[in-house]
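Okay, here's what each chain looks like letter by letter:
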Amino acid sequence: MMKKKSIPASKPFLILFLCQIISALDVPLDSKLLEELSQPPTITHQSPKDYIVDPRENIVIQCEAKGKPPPSFSWTRNGTHFDIDKDEQVTMKPNSGTLVINIMNGRKAEAYEGVYQCTARNERGAAISNNIVIRPSRSPLWTKEKLEPNQVREGDSLVLHCRPPVGLPPPIIFWMDNAFQRLPQSERVSQGLNGDLYFSNVQPEDTREDYICYARFNHTQTIQQKQPISVKVFSMDSLNDTIAANLSDTDIYGAKPVTERQPVLLTPTGSTSTKVELRGNVLLLECIAAGLPTPVIRWIKEGGELPANRTFFENFKKTLKIIDVSEADSGNYRCIARNTLGSVDHVISVTVKAAPYWITAPRNLVLSPGEDGTLICRANGNPKPSISWLANGVPIAIAPEDPSRKVDGDTIIFSHVQERSSAVYQCNASNEYGYLLANAFVNVLAEPPRILTPANKLYQVIADSPALLDCAYFGSPKPEIEWFKGVKGSILRGNEYVFHDNGTLEIPVAQKDSTGTYTCVARNELGKIQNEVHLEIKDPTMIIKQPEYKVVQRYGQVSFECIIKHDSTLLPTVIWLKDNDELPDDERFLVGKDNLTIMNVTDKDDGTYTCIVNTTLDSVSASAVLTVVAAPPTPAIIYARPNPPFDLELTGQLERSIQLSWIPGEENNSPITHFIIEYEDGLHEPGVWHYQTEVPGTQTTVQLKLSPYVNYSFRVIAVNKIGRSQPSEPSEQYLTKSASPDENPANVQGIGSEPDNLVITWESLKGFQSNGPGLQYKVSWRQKDVDDEWTSVIVANVSKYIVSGTPTFVPYEIKVQALNDLGYAPEPSEVIGHSGEDLPMVAPGNVQVHVINSTLAKVHWDPVPLKSVRGHLQGYKVYYWKVQSLSRRSRRHVEKKILTFRGNKTFGMLPGLEPYSSYKLNVRVVNGKGEGPASPDKVFKTPEGVPSSPSFLKITNPTLDSLTLEWGSPTHPNGVLTSYILKFQPINNTHELGPLVEIRIPANESSLILKNLNYSTRYKFYFNAQTSVGSGSQITEEAVTIMDEAMASRQVDIATQGWFIGLMCAVALLILILLIVCFIRRNKGGKYPVKEKEDAHADPEIQPMKEDDGTFGEYSDAEDHKPLKKGSRTPSDRTVKKEDSDDSLVDYGEGVNGQFNEDGSFIGQYSGKKEKEPAEGNESSEAPSPVNAMNSFV
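What you are looking at is a predicted structure, and each value in this text was computed from that prediction instead of being measured.

Thresholds, definitions, all that
Residues numbered from 1 in each chain as written. Predicted model: local features only at pLDDT ≥ 70, side-chain atom pairs only at ≥ 80, totals over all residues. Heavy atoms only, no water. Helix = DSSP H or I, 4+ residues; strand = E, 2+ residues; numbered from the N terminus. Buried < 20%, exposed > 50% of the residue type's maximum accessible area, 1.4 Å probe, protein only. Contact = heavy atoms within 4.5 Å. Areas by Shrake-Rupley, 256 points an atom, 1.4 Å probe, with all protein chains shown as cover. Disulfide = S-S within 2.5 Å. Core = buried A, V, L, I, M, F, W, Y, C linked by side-chain atoms within 4.5 Å. Polar contact = N/O pair within 3.5 Å; in protein donor to acceptor, adjacent residues only side chain to side chain. Pairing = 2+ DSSP bridges. Axes fitted to C-alpha atoms, helices over the stretch in contact; angles between N-to-C directions. Phe/Tyr/Trp six-rings, centres within 6.5 Å; stacked < 30°, edge-to-face > 60°. Lys NZ or Arg CZ within 6 Å of the ring centre and 35° of its normal. Salt bridge = Lys/Arg side-chain N within 4 Å of Asp/Glu carboxyl O. Patch = residues over 30% accessible without salt bridge, like charges linked within 9 Å, V, L, I, M, F, W, Y side chains within 5 Å. pLDDT = per-residue confidence, 0-100.

With respect to the overall build of the protein
Next, step 1: When its secondary structure is counted, the protein shows nine helices and 85 strands.
Next, step 2: The burial tally for the protein puts 39% of its 1194 residues in the buried class.
Next, step 3: In the protein, once contacts between residues fewer than 6 apart in sequence are set aside, the share between residues at least 24 apart is 66%.
Next, step 4: Accessible surface for the protein amounts to roughly 66,200 Å². Of this, 52% is attributable to carbon and sulfur atoms.

What about the state of the cysteines?
Next, step 1: In this structure the tally under the stated criterion is six disulfides.
Next, step 2: Across a sulfur-sulfur distance of 2.0 Å, Cys-63 and Cys-118 are joined as a disulfide pair. Measuring the twist about the S-S bond at about -70°, one finds the Cys-63-Cys-118 disulfide to be left-handed. Here Cys-63, found in strand β4 (residues 63-68), pairs with Cys-118, found in strand β9 (residues 114-122); they are 55 residues apart in sequence, far enough to count as distant. For the pair formed by Cys-63 and Cys-118, the shared burial category is buried.
Next, step 3: Note that Cys-287 is cross-linked by a disulfide to Cys-335, the S-S spacing being 1.8 Å. When the S-S torsion is -70°, as for the bridge of Cys-287 with Cys-335, the disulfide is left-handed. Here Cys-335 lies in strand β27 (residues 331-339) and Cys-287 lies in the loop between β22 (283-286) and β23 (288-292), a separation of 48 residues in the sequence.
Next, step 4: Overall, Cys-287 belongs to the buried group, its relative accessible area being 0%.
Next, step 5: When the cysteines of the protein that form disulfides are numbered from the N-terminus onward, they connect as 1-2, 3-4, 5-6, 7-8, 9-10, 11-12.

What to know about the nonpolar core
Next, step 1: Among the nonpolar cores identified, the biggest contains 29 residues, and Ile-59, Ile-61, Trp-75, Ile-101 and Tyr-116 are the most heavily contacted of them.
Next, step 2: Secondary-structure elements contributing two or more residues to this core are β3 (59-61), β4, β5 (72-77), β8 (99-101), β9 and β11 (132-136).
Next, step 3: When residues of this core are assigned to their parent elements, the largest contribution, three residues, is made by β9.
Next, step 4: In contact with Tyr-116, not counting residues within four places along its chain, are Ile-61, Trp-75, Thr-76, Arg-77, Phe-82, Ile-101, Asn-130, Asn-131, Ile-132 and Ile-134.

Regarding the environment of Asp-937
Next, step 1: Tracing the sequence through the fold places Asp-937 in the loop between β77 (917-927) and β78 (938-941).
Next, step 2: A sequence separation of 17 residues divides Asp-937 from Lys-920, and the C-alpha atoms of the two residues are 6.0 Å apart.
Next, step 3: In contact with Asp-937, other than residues within four places in its own chain, are Trp-881, Lys-920, Leu-921 and Asn-922.
Next, step 4: Within the local environment of Asp-937, its side chain forms a polar contact with the side chain of Asn-922, the two groups lying 3.0 Å apart.

Here's the deal with the sheet that holds strand β72 (residues 845-853)
Next, step 1: Judged by pairing direction, the sheet is antiparallel, and its three strands sit side by side in the order β72-β73-β76 without closing on themselves. Two strands bound the open sheet, and with one partner strand each, they are β72 and β76 (907-910). Here the average twist between neighbouring strands, direction ignored, is 20°.
Next, step 2: By the bridge criterion, six bridges tie β72 to strand β73 (residues 856-862) in an arrangement that is antiparallel. When the bridges of β73 are listed, Val-849 appears paired with Val-859.

Things to note about the packing of aromatic side chains
Next, step 1: One pass over the structure, following the stated rule, counts 21 aromatic pairs.
Next, step 2: Relative to Tyr-116, the ring of Phe-82 has its centre 5.8 Å away and its plane inclined at 75°; by these criteria the two rings are edge-to-face. On the criterion of sequence distance, the pair formed by Phe-82 in the loop between β6 (80-81) and β7 (90-92) and Tyr-116 in strand β9 is long-range, its members being 34 residues apart.
Next, step 3: Judged by centre distance (4.7 Å) and plane angle (50°), the rings of Trp-967 and Phe-1023 are tilted. On the criterion of sequence distance, the pair formed by Trp-967 in strand β80 (residues 963-970) and Phe-1023 in strand β84 (residues 1018-1026) is long-range, its members being 56 residues apart.
Next, step 4: On the basis of relative accessibility, which here comes to 5%, the residue Trp-967 falls in the buried class.
Next, step 5: In this structure an aromatic cluster arises from ring pairing among Phe-174, Phe-180 and Tyr-214.
Next, step 6: Cation over ring: Lys-896 sits above Trp-881, and NZ or CZ is 4.4 Å from the ring centre.

Topic: the environment of Ile-1009
Next, step 1: As for its placement among the helices and strands, Ile-1009 is situated in strand β83 (residues 1007-1010).
Next, step 2: Along the sequence, Ile-1009 and Thr-964 sit 45 residues apart, while their C-alpha atoms lie 4.4 Å from each other.
Next, step 3: When residues no more than four places from it in sequence are discounted, the contact partners of Ile-1009 are Ser-962, Leu-963 and Thr-964.

So, the pattern of salt bridges
Next, step 1: Inspection of the entire model under this criterion finds 41 salt bridges.
Next, step 2: A salt bridge links Asp-785 to Arg-216; its shortest N-O distance comes to 4.0 Å. Of this pair, Asp-785 sits in the loop between β66 (776-783) and β67 (791-795) while Arg-216 sits in strand β17 (residues 208-217), and the two are 569 residues apart along the sequence.
Next, step 3: Its relative accessible area of 36% is what places Asp-785 among the partly exposed residues.
Next, step 4: For Glu-536, the salt bridge identified is with Lys-538, shortest N-O distance 3.1 Å.
Next, step 5: In this structure, a network of salt bridges that share partners links the residues Asp-54, Arg-56 and Lys-867.

Examining the sheet that holds strand β58 (residues 657-663)
Next, step 1: The three strands lie next to each other as β57-β58-β61, forming an open sheet whose pairing is antiparallel. Edge positions in the open sheet fall to β57 (646-651) and β61 (701-705), since each of these has one partner strand only. Averaged over neighbouring strand pairs, the angle between their axes works out to 25° when direction is ignored.
Next, step 2: Where β58 and β61 come together, five bridges link them in antiparallel fashion. Opposite Ser-661, over in β61, you have Thr-701 as the bridge partner.

Some words on a nonpolar patch on the surface
Next, step 1: Nonpolar side chains collect at one region of the surface, where Leu-1069, Leu-1072, Ile-1073, Ile-1076, Val-1077, Phe-1079 and Ile-1080 lie side by side and expose about 700 Å² of accessible area between them.
Next, step 2: Its location among the elements puts Ile-1073 in helix α6 (residues 1058-1083).

Notes on the confidence of the model for the protein
Next, step 1: In the predicted model, the protein carries a mean pLDDT of 84, and the fraction of residues at 70 or more is 84%.
Next, step 2: With pLDDT under 50 throughout, residues 1-24 is counted as low confidence; its partners more than four residues away or in other chains account for 17 contacts.
Next, step 3: Predicted confidence for residues 1085-1194 stays below pLDDT 50, and this span has 100 contacts to residues more than four positions away or in other chains.

A look at the side chain of Thr-541
Next, step 1: Topologically, Thr-541 is positioned in the loop between β46 (527-538) and β47 (542-545).
Next, step 2: In this view, Thr-541 contacts Lys-565, His-566, Val-613, Thr-615, Asp-618 and Val-620; residues no more than four positions away in its chain are not counted.

Some thoughts on unusual backbone geometry
Next, step 1: Note the cis peptide between Leu-168 and Pro-169, where omega equals -10°.
Next, step 2: With respect to the helices, strands and loops of the structure, Pro-169 is situated in the loop between β13 (158-160) and β14 (172-176).
Next, step 3: Look at the link from Asn-382 to Pro-383: it is a cis peptide, with omega at 5°.
Next, step 4: Along the chain, the position of Pro-383 falls in the loop between β31 (378-382) and β32 (386-391).
Next, step 5: Non-glycine residue Asn-974 carries a positive phi angle of around 55°.
Next, step 6: When you line up the elements, Asn-974 lands in the loop between β80 and β81 (979-987).
Next, step 7: For Asn-974, a relative accessible area of 17% puts it in the buried group.

A short note on the side chain of Ser-962
Next, step 1: Inspection of the secondary structure assignment puts Ser-962 in the loop between β79 (950-956) and β80.
Next, step 2: On the basis of relative accessibility, which here comes to 13%, the residue Ser-962 falls in the buried class.
Next, step 3: Reaching out from Ser-962, the side chain makes a polar contact with the side chain of Thr-959 at a distance of 2.4 Å.
Next, step 4: Not counting the four nearest positions on each side in its chain, Ser-962 is found in contact with Asn-957, Ile-1009, Leu-1010, Lys-1011, Leu-1013 and Thr-1041.

What to know about the environment of Ile-507
Next, step 1: For Ile-507, the position within the fold is in strand β44 (residues 505-507).
Next, step 2: By relative accessible area, Ile-507 is classed as buried at 4%.
Next, step 3: On a C-alpha basis, the gap between Ile-507 and Asn-495 in space is 9.5 Å, while along the polypeptide they are twelve residues apart.
Next, step 4: When residues no more than four places from it in sequence are discounted, the contact partners of Ile-507 are Ser-465, Pro-466, Ala-467, Glu-496, Tyr-497, Ser-514, Tyr-518 and Leu-535.

Here you go:
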């Protein structure tokens, strides 16, 4: 016995010694170094121990590991080697151990049930995964049963049994009616933990025929429905009516009225029962009672109290819920059901067992050759777990012997290790309720020293500040570090230096003489290396002339100085702030090199002005207050800020409150309006003052609320209309006692950053919110709508926790609870988060296209199942593109178009299609991660449409009776051209249109000679193409046949005769004389005979404004009614461009209202029926002549 005790007695010293060695050989997280060092395998990711898979999807068993060299992977199934090469349905991902089992080709998932284990191996050892039990989820159908209607008397109890099918995992039970509405539950009617529906007493309103129990299997996203259950409640009144109808008036009848009954337990039965629960799980105890009136349930724990902060009552207090149970929660729990007639109770004896949990998990060990070390594996549980060791996945008893290794229960002791001692050890702690498996490697390295800090690194420090010179290093054995100053300086020693374990040299107070070159030397038995760094000491930045407090009258000018002194090698920047914010954007503020000037001061300029000087190494600031006052009366009264309060005193000290009193200072001619109380927390934020409260200026005491675990001191500031006083001297300090936190972190969120994780974030509590030392956070999560228990971890000094290995995009219930050394904060509220999204797995199916017309189509698709979306559904994208035109049969550059339809739409319209074309499209679902795979390309064709106008129309070779027409085919035929339609009609000199002639021309023609036309005649042509759908838009043109040459010469001769020219000049002279006379008569004053005659007999053409409608008569001045020239010009090349032909039908068409000028100048010019108009002015109404025709042609 003495010998057995001597080993544990030596362990503390040995463990302490070896921990020092281990910490000295921590490998720095330097990427280049990590790539060069050998390392045994480490399992980084694996599937859960109990892995329930969806039988409709491929099975993915994850196993990821790292190591140097990269490890290889192998698997066992049910304890024997699993040769994946012999099963074509099983593949292993490249550079990974993850297995993918393809069951989409008809194989059953049940064929791959079993226990799987992954091994990752390299030359330094082998790591193994947990035993991963693969089981496909099951959602069996309800067994058929004949359900008899339930006929029950009013006031009696009733139990409707659900008896759901046994599924994997177990289903979630709920009761609904035929309308899929949840049945209301209350203290009288509620669902038990087993899914049955309990009625403490039935009422007439409980009569219905659609009590339906539903079982939801979340893993397969299926819901099974039990046959509806009918309940008929007979009330006493209806029974009495039935009896009365069958008895004579002389009979005595009457059913018993509804009688009240004392409580009776429906579940559990008997007076006692037992319950076993595992540590860390949720304990659920249930009592449901019958009785009238409805009983009320109460819970107690015999010999103790229900645990605070972990106890909850559910289902109208019929269920007692205790979260995170421990062995201390074992005991007898009594439920008491009571109503006005009595009570009944039941005792449940609870025993809390525990699956193994870690006390000390083994940690990786990095050693040098010849060193000693230990691996410690300690676990607890109920019953106590057994500890077993494996080496490289093999039980250590049959593993290859290692003379440096000795196993002592839960500890492996290593002595004088060598490089061949490197291996991966597994510790297995197991009892009847579960097991724990941990891998920890022993890596024996022999490495010469390396210095990771860059050579000749320059450090710059302000004088009288600490200087930290880095010398990051690695070596095995751990190198010794020495520092030298100068090239040939002696080793640095003494109190003026601090040598850190990581190699850093600290000079606590650096002086000017500390400037120089420092050499770091690292050596071990395998070598030596050194590195030089340089230190420069700079003069501190100082404000030698600070801004001072100023009082200035309104509309005056004020200036603040800020003169600085700084190191000549540092470039300072000066920033001015007002009330800790940027200066107003106002030209009245002038910033100089060493001052700030404010012109034309206003009341809003009142405040605190701060000068901040920054360099790359330090920052200093100084502030001054500006007070703006009105111009003083005569004699001037001096107004100033109040003097600070004094003689602060603390009395009535309590845990959460204290009384502060003070004596006000001098008011300085302006009454104190209020006092501001500030506090300093010397424990968490020394030197930082926070606002606490404020009180009226007539009050000199205040009762202050305090928080736990804060070292308070207070100061008071007096305020009047001029401004704030200087703060008072601080009060004495008062340290409040610690307590558990009062609040939990805010803004708790759960958003996955990767498809297999859940990132839980929160806002950390501030120092004074901790209420005590040891602030930590209990982070809990569980998958929503799955009968899972909460998983919890406790973390500190972080505001984020990443849960790995989650399913892709599933909802999680999340809560974060604060705790410290004194206990937990109140139970936090739960929030809903989602694990990370992944790209959608499947494409929309059943894509159908319905072509509506030649330019519009409608596309339909089946929605992608939400589970396959694997993220927040954002909508669907339709990609479509034109393959070719069916009329040209020529391919062109494919330009894909994309239409996005938001939400869960299953159809969409495709506008802007080209007629008679072949198109392709596909549909993709979109989530927050991106787009899913495309559906198979769907081909559709648009029908024919009407063609565009011919590309051009030329009229050439005019003769006396013929014209030649040439044209180009439409740019967009939009189908198969069947023919061209040519329409034409003559136009006379008054622009009247003659009869319309129509000619149909074969589609393969491109020119036509029109014969038998009238000579010297203008013709208008309308030309368009046709498909089987109809005619396209037309193009128009005009042309003139030539005249007889003899007639043309005669017309020209008459126009050149002298007598004709003289006659025209005489007519023009006469008209001019008449115009002059009329002008003189109209402008000459007085009455003349002609004037009187005009007054007596008004000219019908000279009428005043009509009085009835306010419009003008027909008279207008000749200057305002000049005739417009008639006729039109045609381009010499006789080609009408497409854009010029839009208005030709309006100009010449019959019965069409064209586009006219506001003065009506075109009215009737080209209409088919022209009314006679009186000749006005010098307008001629001569008949058409060849001259006019020639003029219009020219």
